[in-house]
Amino acid sequence: MKFKNQMFAAAALFLAAGTVACSTDLAGPPALDDAQIDADVATMSGETVASDVAGFGDNVAAAGSFTMIAPSYSVTAPGYNSASQPSFGAISPTCSYAAGRYSCSATTEQGLSVTRSFAFYNAQGQTVQNWDATVVESVNFQAQIDGTFSKDLVWNATVHRTANLTVSGLISLAPQRLWNGTGTGTESISHIGLDGVRSLAGTSSVAITNVLMPAKDAASQNPLSGTITMDVQYTASLEGATGTVSKDVSRHVVVTFNGSASPALQIGLLHCVLHLDTHSVDSCQ
């Protein structure tokens, strides 16, 4: 990636300049600041959670359209001839059906490569091959996400993630719908700052718990309630003008939804605001 090369070139210039400017008044390696680590984890966790919320739509798009998954929305599905019943939109032609699931070819979503499968279930937990809004109570999505992305010109990240999510209540909670699921990830994240090149590398786990989405035609599509938590185990590193230092860190992040576009994000004792539209985190205190 061109940006990645520019980033490390800029970092090299920074470190060289820092060595000349500070060699007379700095000694020893730089210090890793726990408050800065918390802020960096909050920033990248916020990006992950906001992407998860946006990804609800990406997941079901392969199965016809996120808005069409609400039973109250009437469209036409292949092979479904009853004009009097609501039905599901065309499943992506890149998806094929076998052993109770549709498996789909990789697509590019939010700049990352996504390979997924999905299955329809009735209220008794039995698989259903064709969408029927009077029968299907839930849909399970399993996905693998890979790629590299940059953020705010100073962040660069490489990720490998898996997700197993279920949207339920398509009949019993209509027109709302409920999301639950888990995910795992391996990330490598770098940031250029005045203190040098900061990096986080390691693993993460995500839990999506009772995230209630509003009706398809609601003015706001922000989650009404529920939480997404993220636990990370990273090696945090700082390459500064006087050397490099690293240490292992663990953090627990909780985002609590309340229907607003700016839900609360908490990491330890640090309270922040996550902006779902821009995927940014601020107002930490």
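Our subject is the structure listed above.
Residues numbered from 1 in each chain as written. Predicted model: local features only at pLDDT ≥ 70, side-chain atom pairs only at ≥ 80, totals over all residues. Heavy atoms only, no water.

Engineer: I keep staring at the overall build of the protein chain and nothing clicks. Help me out?
Structural biologist: A count of helices and strands for the protein chain gives 2 helices and 14 strands. Taken over 285 residues, the protein chain has a buried fraction of 46%. Within the protein chain, contacts between residues separated by at least 24 positions form 55% of all contacts whose residues are at least 6 apart in sequence. For the protein chain, the exposed surface amounts to about 13100 Å²; the carbon and sulfur share of it is 55%. (Helix = DSSP H or I, 4+ residues; strand = E, 2+ residues; numbered from the N terminus. Buried < 20%, exposed > 50% of the residue type's maximum accessible area, 1.4 Å probe, protein only. Contact = heavy atoms within 4.5 Å. Areas by Shrake-Rupley, 256 points an atom, 1.4 Å probe, with all protein chains shown as cover.)

Engineer: Which parts of the structure should I look at to understand the packing of aromatic side chains?
Structural biologist: Given two aromatic rings, one states the distance between the centres and the angle between the planes to describe the pair. Enumeration according to the criterion identifies 8 aromatic pairs in this entry. Plain terms: the ring middles of F56 and W179 are 4.2 Å apart, the flat faces sit at 5 degrees to each other, and that makes the pair stacked. Here F56, found in helix α2 (residues 34-61), pairs with W179, found in strand β8 (residues 177-193); they are 123 residues apart in sequence, far enough to count as distant. By relative accessible area, F56 is classed as buried at 0%. Geometrically, the ring pair formed by F141 and W179 is stacked, given 6.0 Å between the ring centres and 25 degrees between the ring planes. You can see F141 sitting in strand β6 (residues 136-151) and its partner W179 sitting in strand β8, a full 38 residues away along the chain. W179 carries the same exposure label as F141, and that label is buried. Ring-pair connections join several aromatic residues into one group, and the members of that group are F56, Y97, Y102, F118, F120, W131, F141 and W179. (Phe/Tyr/Trp six-rings, centres within 6.5 Å; stacked < 30°, edge-to-face > 60°.)

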